[in-house]
Amino acid sequence: MPNFPAPIESRLPHVGTTIFTVMSRLAQECGAINLSQGFPDFNADDLLFERVAHWMRAGHNQYAPMAGTAALRAAIAAKVETLYGTAYDVEREITVTAGATQALFTAVTACVRAGDEVIVFEPVYDSYVPAIELAGGKVVRMRLAAPDYRPDWDAVAAAIGPRTRMIMINTPHNPTATVWTRDDLDRLAALVRGTGIVVVADEVYEHIVFDGAAHASCAAHPELAQRSFVVSSFGKTYHITGWKVGYVLAPCELMAEFRKVHQFNVFTVNTPVQLALADYMADASRHLGLAAFYQAKRDFFRAALAASRFELLPSHGTYFQLARYAAISDLGDAAFCEHLTRNVGVAAIPVSAFFADGRDEHVIRFCFAKNEATLAAACAKLVAL
């Protein structure tokens, strides 16, 4: 086995393997039901696969335009204008990306310089901070406290200073399943008014909002749309997380900088898949029906756990459910998730993994983007605790 012959000074010395990989690997090793990593255990619509095959056979297997195929960008623009009332220019303000994570990384890399401060809200999705640190930025953490996980806008106002370059937000929020409101966006807009602060809005669960609520998108907020990268994901919307296709919206001035980075870290994205997605988007019911589809799974999962000793926190959006387990165990959340996986046969995610200091509120995250048979089998094990 070869060994590198010199010391390595890591640019991410505190970063290990992501918790999602760790728990999914453990679930596989133990034969546990995997409610940890956020992916469905069911297939997408056969029509989508047929459209990919169609475009492959039709010869569309070479590079797509750097920004994405014209057909897919046009379909995205039409969807966004219909839903949010904002017209993004197809040529200059929409870029198709290799998943949402690449979009987030590229936005940070394009805008953040050494010494710039970037505000994030924790528990924070694990890709944000490494992107900021690789760009030389300083992470400023705003805490969302259990059980409601609402932003403290007075604290955010106090954190904004002359070095603040960017604020990264995520709604519907992973891992807490909270959903920001139009009032939250208004508060944010007031704080950044008259500044050069850029907002990165991670809205990958935009179509998964429950109980009749509407998603409050930065794309629909005139002030924030002027300064935001709005990121979404086809993987989350169409049950194809492994395809790694997303997109980003931004005003042309920001998008020009985004594409300078995008063209050299990805360049372009899978051509036949883009064309198939453009076809598939023609039927709006496929994204408009997603909230009801996942609300039924949420309700099934919560009902199946009603007899358990878990305390279920509200789930207003995404396909995640947080749960407290104080009535079951006094283990820390990481140890409890390992116990669940090894000894109970169900894998979950410890929420402490989303805090820089490992803050442990004895809360874990389940993913209910699963077939009902999978959920029922998992819940039978969890109710027995």
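This structure is a prediction, so every number in the text was calculated from the model and none was measured.

Here's the deal with helix α4 (residues 99–111)
Residues separated by three or four positions in an α-helix point in the same direction, a consequence of the helix having 3.6 residues per turn. Relative to the 18 Å expected for 13 residues at 1.5 Å per residue, α4 spans 19 Å between its end C-alpha atoms, a close match to the ideal helical length. Counting buried positions along α4 gives ten out of 13 residues, so the element sits mostly inside the fold. Turning to α4, its buried residues number three or more, namely Gly99, Ala100, Gln102, Ala103, Leu104, Thr106, Ala107, Val108, Ala110 and Cys111.

Quick look at the domain arrangement of the chain
For the chain, the assigned domains are domain 1 (19–44 + 286–384) and domain 2 (62–284). A C-alpha centroid distance of 25 Å is found between domain 1 and domain 2. Between domain 1 and domain 2, the contact holds 36 residues from the first and 35 residues from the second. Of the roughly 3400 Å² buried between domain 1 and domain 2, counting both surfaces, carbon and sulfur atoms make up 61%. When the area that domain 1 buries against domain 2 is broken down by residue, the three leading residues are Arg286, His287 and Phe354, summing to 24%. Along the contact surface separating domain 1 from domain 2 lie three salt bridges. Between domain 1 and domain 2 we count 17 residue pairs in polar contact (both at pLDDT 80 or more) in total. Listed by contribution, the elements that provide at least two residues to the side of domain 1 that touches domain 2 are α1 (19–30), α12 (285–288), α13 (290–304), β10 (320–324) and β13 (363–367). Of all the elements, α13 adds the most residues to the side of domain 1 that touches domain 2, at six residues.

Quick notes on the sheet that holds β13
Pairing in this open sheet of four strands is antiparallel, and the strands run β9-β10-β13-β12 from one edge to the other. The sheet terminates laterally at β9 (311–312) and β12 (349–350), the two strands that pair on one side only. Here β12 pairs with β13 via two bridges, running antiparallel. Looking at β13, one finds that isoleucine 349 is bridged to arginine 365.

Some words on the packing of aromatic side chains
Under the criterion given, the structure shown has 24 aromatic pairs. Within the aromatic cluster, the residues linked to one another by ring pairs are Phe210, Phe301, Phe310, Tyr325, Phe336, Phe366 and Phe368. Across the ring face of tyrosine 280, the terminal group of arginine 286 is positioned such that the distance to the ring centre comes to 4.2 Å. Sitting above the plane of the phenylalanine 320 ring, arginine 365 keeps its charged end 3.7 Å from the centroid.

Considerations on the side chain of threonine 69
Checked against the element boundaries, threonine 69 lands in the loop between α2 (46–57) and α3 (70–84). The class of threonine 69 is buried, set by a relative accessible area of 5%. Among all residues touching threonine 69, those that are not within four sequence positions of it are Ala64, Thr271, Gln274 and Leu275.

Looking at the pairing of strand β3 (residues 117–122)
Taken across its six residues, β3 has six buried, putting it largely inside the fold. Side chains Glu117, Ile119 and Phe121 of β3 all project onto a buried face; the interleaved residues Val118, Val120 and Glu122 project onto the opposite face, where all are buried too. By the bridge criterion, six bridges tie β3 to strand β4 (residues 138–143) in an arrangement that is parallel. Bridge pairing in β4 places isoleucine 119 opposite valine 140. What joins β3 to β4 is helix α5 (residues 128–134), and the crossover it makes is right-handed. Note that β3 and strand β5 (residues 164–170) share three bridges and pair parallel.

Observations regarding unusual backbone geometry
With an omega of 5 degrees, the peptide bond between alanine 146 and proline 147 qualifies as cis. The step from asparagine 174 to proline 175 runs through a cis peptide bond, and the omega angle for that step is 20 degrees. Secondary-structure assignment places proline 175 in the loop between β5 and α7 (182–192). Notably, tyrosine 149 is not glycine yet its phi reads approximately 55 degrees, a positive angle. Relative to the elements of secondary structure, tyrosine 149 occurs in the loop between β4 and α6 (153–159).

Structural notes on the environment of valine 261
On the secondary structure map, valine 261 appears in helix α10 (residues 252–265). Measuring from C-alpha to C-alpha, the distance between valine 261 and alanine 110 comes to 6.2 Å, with 151 residues separating the pair along the chain. Valine 261 has contacts with Thr106, Thr109 and Ala110, leaving out every residue within four places of it along the chain.

Brief notes about the packing of α13 against helix α15 (residues 372–383)
With their axes 9 Å apart at the nearest point, α13 and α15 run at an angle of 25 degrees to one another. In terms of orientation, α13 lies roughly parallel with respect to α15. By crossing handedness, the relation of α13 to α15 is classed as right-handed. Counting all contacts with α13, which are made through Lys297, Phe300, Phe301 and Ala304, the residues of α15 involved are Glu372, Leu375, Ala376, Cys379 and Val383.

What counts and what doesn't
Residues numbered from 1 in each chain as written. Predicted model: local features only at pLDDT ≥ 70, side-chain atom pairs only at ≥ 80, totals over all residues. Heavy atoms only, no water. Helix = DSSP H or I, 4+ residues; strand = E, 2+ residues; numbered from the N terminus. Expected span 1.5 Å × (residues − 1). Buried < 20%, exposed > 50% of the residue type's maximum accessible area, 1.4 Å probe, protein only. Domains from an automatic or database assignment. Contact = heavy atoms within 4.5 Å. Buried area = accessible area lost by both parts, 1.4 Å probe. Salt bridge = Lys/Arg side-chain N within 4 Å of Asp/Glu carboxyl O. Polar contact = N/O pair within 3.5 Å; in protein donor to acceptor, adjacent residues only side chain to side chain. Pairing = 2+ DSSP bridges. Phe/Tyr/Trp six-rings, centres within 6.5 Å; stacked < 30°, edge-to-face > 60°. Lys NZ or Arg CZ within 6 Å of the ring centre and 35° of its normal. Right-handed = clockwise from strand over helix to strand, strands pointing away. Axes fitted to C-alpha atoms, helices over the stretch in contact; angles between N-to-C directions. Parallel < 35°, antiparallel > 145°, perpendicular 65-115°, else oblique. Left-handed = near helix turned anticlockwise from the far one by under 90°.

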